[in-house]
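One letter stands for each residue in the lines below.
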Amino acid sequence: SDSGSDSEDSSLSDSELQEAFARGALKPGLNVVLEERPKRRNDTDGLKQCLAEFRQQLAWVERLDVTLGPVVHPVSQNASTSDAIDPENDFQREMSFYRQAQAAVLEALPRLRKLHVPTRRPDDYFAEMAKSDQQMQKIRQKLKSKQEAMERSEKAKQLRAMRKYGKKVQVEILQRRQKEKKNMLNAVKKYQKGLSDKLDFLDEEQTSSQGNKKGNASQRTKKGPNAKRRYKNQKFGFGGKKKGSKWNTKESFNDVSSFQSKVAHNKGPGKGGKGGKGGKKALNKRPGKRARQKMKNRAR
């Protein structure tokens, strides 16, 4: 069968590989010799021996090692123990690191001052920046572009909100107008059918159509009429009877204060009198056309 032939071929190939491996004909890298894993053991004596070999008896100023617990909490006046800290809580864990670093600083600074080791940076200390000015300029440009993009998006949001609000107000106004128109038409139909004998809806329509003009009109009436209105009032009056308003009365007939004799007797300037400029013109007046024609016929 097919399965029997496959098993014979595989057994032959395995035997051939074993013979080649025994003869050393196989190249390195083709096979891996599995070795037993060493058993793990806690060699305490060997670890202590290694620690004694690389430990050096140096002064503290050369080592600067400080091992302390966290600093005392100012509120509880108790040092927070490791049992009270939840390692899964990021805030508590970071605060414990921070308080432990505080305790180390409070312990190390006095010791360094006793050893006359400076702990403050000099005023003229110059440290070269890790990043170049070109890189920092690129960062500034990128931050500026991000800020401008955020401002543009915020402005676009405000514009959209304003448009939305304006559209909403416009829709409300249109709906209110349609409602008023519908109410008025219903009132007119009722009046036409005789169901109602009141015409109050006309006054309501007039007041609603004027709307905001009431305030401006009241302000104008408070301030008084303008110059044009006052001139027309002075010229045409405020209403009432106008027919016969220019007729003479007994008082106006007897009033001769505005009488001028020179104007009345044609003696004023330009009237053709003795002292006027139009005297010569009146004497040298050109004859009419018919008179001139007669004069021509006589000359012939």
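Residues numbered from 1 in each chain as written. Predicted model: local features only at pLDDT ≥ 70, side-chain atom pairs only at ≥ 80, totals over all residues. Heavy atoms only, no water.

- The name an unreviewed UniProt entry assigns to the chain is EBP2 protein, from the organism Pteruthius melanotis.
- What the UniProt record of the chain gives under Subcellular location (unreviewed entry) is the line "Nucleus, Nucleolus".
- The UniProt entry for the chain carries this comment under Function (unreviewed entry): "Required for the processing of the 27S pre-rRNA." (UniProt positions renumbered as here; feature names shortened; annotations may be inferred.)

## Concerning the overall build of the chain
So, point 1. Each helix and strand in the chain was counted, giving 12 helices and zero strands.
So, point 2. When the helices and strands of the chain are read in sequence order from the N terminus, they spell out α-α-α-α-α-α-α-α-α-α-α-α.
So, point 3. Burial analysis of the chain (300 residues in total) assigns 6% to the buried set.
So, point 4. Nonlocal contacts in the chain, meaning residues at least 24 apart in sequence, comprise 42% of its contacts between residues at least 6 apart. (Helix = DSSP H or I, 4+ residues; strand = E, 2+ residues; numbered from the N terminus. Buried < 20%, exposed > 50% of the residue type's maximum accessible area, 1.4 Å probe, protein only. Contact = heavy atoms within 4.5 Å.)

## Some details on a nonpolar patch on the surface
So, point 1. On the surface, a nonpolar cluster with roughly 280 Å² of combined accessible area is contributed by Leu-17, Phe-21 and Leu-26.
So, point 2. Along the chain, Leu-26 falls in the loop between helix 1 (2–23) and helix 2 (44–54). (Patch = residues over 30% accessible without salt bridge, like charges linked within 9 Å, V, L, I, M, F, W, Y side chains within 5 Å. Areas by Shrake-Rupley, 256 points an atom, 1.4 Å probe, with all protein chains shown as cover. Salt bridge = Lys/Arg side-chain N within 4 Å of Asp/Glu carboxyl O.)

## Looking at the packing of aromatic side chains
So, point 1. Within this structure, the stated rule accounts for zero aromatic pairs.
So, point 2. Sitting over the face of the ring of Trp-60, Arg-111 holds its NZ or CZ atom 3.9 Å from the ring centroid. (Phe/Tyr/Trp six-rings, centres within 6.5 Å; stacked < 30°, edge-to-face > 60°. Lys NZ or Arg CZ within 6 Å of the ring centre and 35° of its normal.)

## Considering the pattern of salt bridges
So, point 1. Evaluated as defined, the whole model comprises three salt bridges.
So, point 2. Across the pair Arg-93 and Asp-90 runs a salt bridge, and its minimum N-O distance is 2.7 Å. Placement of both Arg-93 and Asp-90 in helix 4 (residues 90–114) is noted, with a separation of three residues, approximately one turn of the helix.
So, point 3. For Arg-93, a relative accessible area of 26% translates into the label partly exposed.

## A few points about the UniProt feature "coiled-coil region" (unreviewed entry) in the chain
So, point 1. With numbering matched to this structure, UniProt assigns "coiled-coil region" (unreviewed entry) to residues 129–156.
So, point 2. The straight-line gap between the two end C-alpha atoms of residues 129–156 is 39 Å; of that span, 86% is helix and 0% is strand.

## So, unusual backbone geometry
So, point 1. Notably, Leu-64 is not glycine yet its phi reads approximately 55°, a positive angle.
So, point 2. Relative to the helices and strands, Leu-64 is located in the loop between helix 3 (60–63) and helix 4.
So, point 3. The class for Leu-64 is partly exposed, based on a relative accessible area of 48%.

## Section: helix 5 (residues 133–193)
So, point 1. An ideal rise of 1.5 Å per residue puts 90 Å on 61 residues; helix 5 measures up with 89 Å between its terminal C-alpha atoms.
So, point 2. Positive phi appears at Gly-194, one or two residues downstream of helix 5, with a value of about 85°. (Expected span 1.5 Å × (residues − 1).)

## Describing the side chain of Ser-96
So, point 1. The residue Ser-96 is located in helix 4 in this model.
So, point 2. When residues no more than four places from it in sequence are discounted, the contact partners of Ser-96 are Pro-70 and Ile-85.

## Some thoughts on helix 4
So, point 1. The end-to-end C-alpha separation of helix 4 is 37 Å, in line with the 36 Å expected for 25 residues at 1.5 Å each.
So, point 2. All of the buried residues along helix 4 are Ser-96, Arg-99, Ala-103, Ala-108 and Leu-112.
So, point 3. Among the structural elements, helix 3 are those in contact with the buried residues of helix 4.
So, point 4. At the N-terminal boundary of helix 4, the capping side chain belongs to Asn-89, with an oxygen 3.2 Å from the backbone nitrogen of Phe-91.
So, point 5. Within two residues after helix 4, His-116 carries a phi angle of roughly 60°, on the positive side. (Polar contact = N/O pair within 3.5 Å; in protein donor to acceptor, adjacent residues only side chain to side chain.)

## With respect to the confidence of the model for the chain
So, point 1. Summing up the model confidence of the chain, the mean pLDDT is 77 and the portion of residues at 70 or higher is 73%.
So, point 2. Taken element by element, the predicted model of the chain shows its lowest mean pLDDT in helix 11 (residues 279–283) (53) and its highest in helix 4 (91).
So, point 3. Here residues 1–12 scores under 50 on pLDDT; set against residues more than four positions off or in separate chains, the count is zero contacts. (pLDDT = per-residue confidence, 0-100.)

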